[in-house]
Structures are given as structure tokens and as C-alpha cells.
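Here are the chains, one letter per residue:
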Amino acid sequence: MTVLLPPSETKREGGEPGSTLDLGVLSFPELTRERAAVITAARSVSSEESSARTALKLGPKSISERFRNLALGTSPTLPAIERYTGVLYDPLDVPAASDEVRDWWSRHVVVQSAMFGPIGAGDPIPAYRLSHDSRLAPLRLAAHWPAVSSHALASRADGLVLDLRSEGYRALGPVGGAVALRVVSVDGSGRRKALNHWNKTAKGRLVSLLGRTGAEVGSMDDLVGWARGTGVVLEQVDGGWDLVAESLEPVRI
């Protein structure tokens, strides 16, 4: 099973003392050249405040984040699963996770980064600022990543690919046959409402529970069986799959 996640715009600062970015140790090493090209372009647009403001969509309060890109080669690193923060990643409660849970995430979770392409959850990365819609002319992320990312992801995919990425990041690495989940809320009368912002929280809780139960899943049937056994409501509706947010509140470990 492979679980695909988007990154987060918010990132934890700092990292392991003495560590620095080593593209050679990241998952999918065949993407090293593409990663280096994006890093070069990101540094270029980040070198001046005016270009960074436009290319990275930075406001007065966030303009200092351009310096993250200028320090990519010297900043300390953290595993990706620790680097990212926010409504999707906070429910993982990584600091409280055991080594076994972290190992499950490292083996099964892949993050689609705009800077590095697909990376493993345990891959050591520095803080950076780049989104799927950042403009790094003449390099275009929408043309640079999809083909090579798709090929890399296809080489790793083993069994079910659960795609929890947002639309923008899914476009950077399409995966044929992947299963996407629609996060819904169901009221007392059974009416379903697709969630927007809070769908990230539900996805984070799902990945947390998968890791903390050491889920052994190789197919959608396996995932449905796992969900049934843990109280998670996962239902097929109109040819797609609905994840009922209320069934993940609170996460059961």
C-alpha cells in the first residue's frame, strides 16, 4: 500500500544539529537532476524580495520565508513527516509516535513536494517555501514534475495506491488506478456534505490511525475490512469512495 499526501505550506523550523540536505539520500534518487533544477530556480527567484513576492506569492508577513530557499544547502533537516505542520499533519502527533509507527509511515507514505517531487515520509528535508502554483519562470512546475513523478511513483506502487493529495499536487504526479477519497460529513437524516478545509484533518487522522494500527492493506477490499474493524466509515457512493469524517473523531489508537 502507498498513501500519497500533499505537503503543507506551514513547516516546522530547525532540524537535526549538523544535518544538511543530501539529495542522494532522498527516496526516488532518479529524480536528483529534476530536484536540483527546481532548487536552482527557487533560489534565483528568492534572491530578490520583488521577484520572491511575485513568484512565491509572499505577503508582508511571509516575505522572510524566501530566505529558506536561499539556505536550502545549509539548513538542518528533519524527516518530512516532522517538517510539515498544519491541519493535515498535526493529527499525526508525530512526537508521540513510536518507532514502529514512524517505520510504517516511512514504508507506506509518500509526500508530493513542489520542491523535491515525491519523497518518503522519513526523508530528511530542510524548511523551504514553494507551492504547486509557484512561478519559477522559465521552469514551470506543471511541466517539470508530472511525467517524471508519475514514472517514479509507478515504480514504487505495490498494491493499493490511496491518493489523499489535493488537486494541485495530484496534477504534479498523476497515478493511474489510484483511489481518491471524498471526505464527507453525514447529518442525522443521512444527508452528505463534502468537506473543504476540514477534509485535511480527517485525512490526517486516517493516516495516523493506519500507522498506529500497523495496517496491512494491499487492496481496496483490505482497506474496507480494516476500516470496518476500527470503526472508520468508508463507503462506496456513485462509483467513488466516501470517508465519513465523524467516524474519525477522536482517533482511536
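Conventions used here
Residues numbered from 1 in each chain as written. Predicted model: local features only at pLDDT ≥ 70, side-chain atom pairs only at ≥ 80, totals over all residues. Heavy atoms only, no water. Helix = DSSP H or I, 4+ residues; strand = E, 2+ residues; numbered from the N terminus. Rg over C-alpha atoms; globule rule 2.2 N^0.38 Å. Buried < 20%, exposed > 50% of the residue type's maximum accessible area, 1.4 Å probe, protein only. Contact = heavy atoms within 4.5 Å. Areas by Shrake-Rupley, 256 points an atom, 1.4 Å probe, with all protein chains shown as cover. Lys, Arg positive; Asp, Glu negative; His and termini not counted. Charge placed at Lys NZ, Arg CZ, Asp CG, Glu CD. Core = buried A, V, L, I, M, F, W, Y, C linked by side-chain atoms within 4.5 Å. Salt bridge = Lys/Arg side-chain N within 4 Å of Asp/Glu carboxyl O. Pairing = 2+ DSSP bridges. Axes fitted to C-alpha atoms, helices over the stretch in contact; angles between N-to-C directions. Left-handed = near helix turned anticlockwise from the far one by under 90°. Nonpolar A, V, L, I, M, F, W, Y, C, P; charged D, E, K, R; others polar. Phe/Tyr/Trp six-rings, centres within 6.5 Å; stacked < 30°, edge-to-face > 60°. Lys NZ or Arg CZ within 6 Å of the ring centre and 35° of its normal.

Caption draft 1: Layout of the overall build of the protein chain. A tally of regular secondary structure across the protein chain gives 10 helices and 10 strands. On C-alpha atoms alone, the protein chain measures out to a radius of gyration of 18 Å, which is about the 18 Å that the 2.2 N^0.38 rule sets for 253 residues. Overall size of the protein chain, expressed as C-alpha extent along the three principal axes, is 55 × 35 × 35 Å. Counting over 253 residues, the protein chain shows a buried share of 51%. Sequence separation of at least 24 residues holds for 69% of the intrachain contacts in the protein chain that already meet a minimum separation of 6. For the protein chain, the exposed surface amounts to about 11600 Å²; the carbon and sulfur share of it is 52%. Each charge sign in the protein chain was given a centre, from 29 positive and 29 negative side chains, and these centres are 6 Å apart.

Caption draft 2: Region of interest: the nonpolar core. Core analysis: the largest hydrophobic core is formed by 76 residues, its most contacted members being Trp105, Phe116, Leu223 and Trp226. Setting aside residues up to four positions removed in sequence, Leu223 forms contacts with Met1, Leu160, Leu162, Leu210, Val217 and Leu234.

Caption draft 3: Quick look at the side chain of Lys203. Here Lys203 is to be found in helix H9 (residues 199-212). For Lys203, which is buried and forms no salt bridge, the nearest opposite charge comes from Asp163, at a distance of 7.4 Å. Every residue in contact with Lys203, bar those within four places of it in the chain, is listed here: Leu164, Arg165, Leu181 and Val183.

Caption draft 4: Structural detail: the pairing of strand S7 (residues 179-186). When strand S6 (residues 161-163) meets S7, the two strands line up parallel, connected through two bridges. Directly across from Asp163, in S7, lies its bridge partner Ala180. Examined bridge by bridge, S7 and strand S10 (residues 240-244) share four bridges and lie parallel to one another. Of the residues in S10, the one forming a bridge with Val183 is Leu243. One ladder, built from three bridges, connects S7 with strand S8 (residues 192-194); its direction is antiparallel. Each bridged residue has a counterpart across the sheet, and for Ser185 the counterpart in S8 is Lys193. Counted along the chain from S7 to the antiparallel partner S8, the turn is five residues long, and its residue Gly190 has a positive phi close to 90 degrees.

Caption draft 5: Structural context of unusual backbone geometry. The residue after Ala137, namely Pro138, is reached through a cis peptide bond having omega 10 degrees. Within the element layout of this structure, Pro138 appears in the loop between strand S5 (124-125) and helix H6 (141-144). We note that Phe28 has phi near 60 degrees; this positive angle belongs to a residue other than glycine. Its place among the elements puts Phe28 in the loop between strand S1 (2-5) and helix H1 (32-46).

Caption draft 6: Local environment of the packing of helix H5 (residues 99-108) against H9. H9 packs onto H5 with a crossing angle of 115 degrees between their chain directions and a minimal axis gap of 8 Å. For the element pair H5 and H9, the recorded crossing hand is right-handed. Contacts from Val101, Trp104 and Trp105 of H5 reach H9 at Val207, Ser208, Leu210, Gly211 and Arg212. A per-class count over the contact of H5 with H9 returns five nonpolar, two polar and one charged.

Caption draft 7: Layout of the side chain of Asn69. Its location among the elements puts Asn69 in helix H3 (residues 66-70). Residue classification places Asn69 among the buried positions, given a relative accessible area of 0%. Here Asn69 is in contact with Ala42, Arg43, Ser46, Leu56, Met115, Tyr128 and Arg129, once residues within four sequence places are set aside.

Caption draft 8: Examining the packing of aromatic side chains more closely. A complete count under the given rule lists three aromatic pairs for this structure. Taking 6.4 Å as the distance between ring centres and 90 degrees as the angle between the ring planes, the aromatic pair formed by Tyr84 and Tyr128 counts as edge-to-face. Of this pair, Tyr84 sits in the loop between helix H4 (80-83) and H5 while Tyr128 sits in the loop between S5 and H6, placing them 44 residues apart in sequence. A centroid spacing of 5.4 Å and a plane angle of 85 degrees characterise the contact between Phe116 and Tyr128, whose relative ring orientation is edge-to-face. With Phe116 in the loop between strand S3 (109-113) and strand S4 (117-120) and Tyr128 in the loop between S5 and H6, this residue pair connects regions lying 12 residues apart in the sequence. As far as the burial class goes, Phe116 and Tyr128 line up, both buried. Ring pairs connect the aromatic residues Tyr84, Tyr89, Phe116 and Tyr128, which therefore count as one cluster. Across the ring face of Tyr128, the terminal group of Lys11 is positioned such that the distance to the ring centre comes to 4.4 Å.

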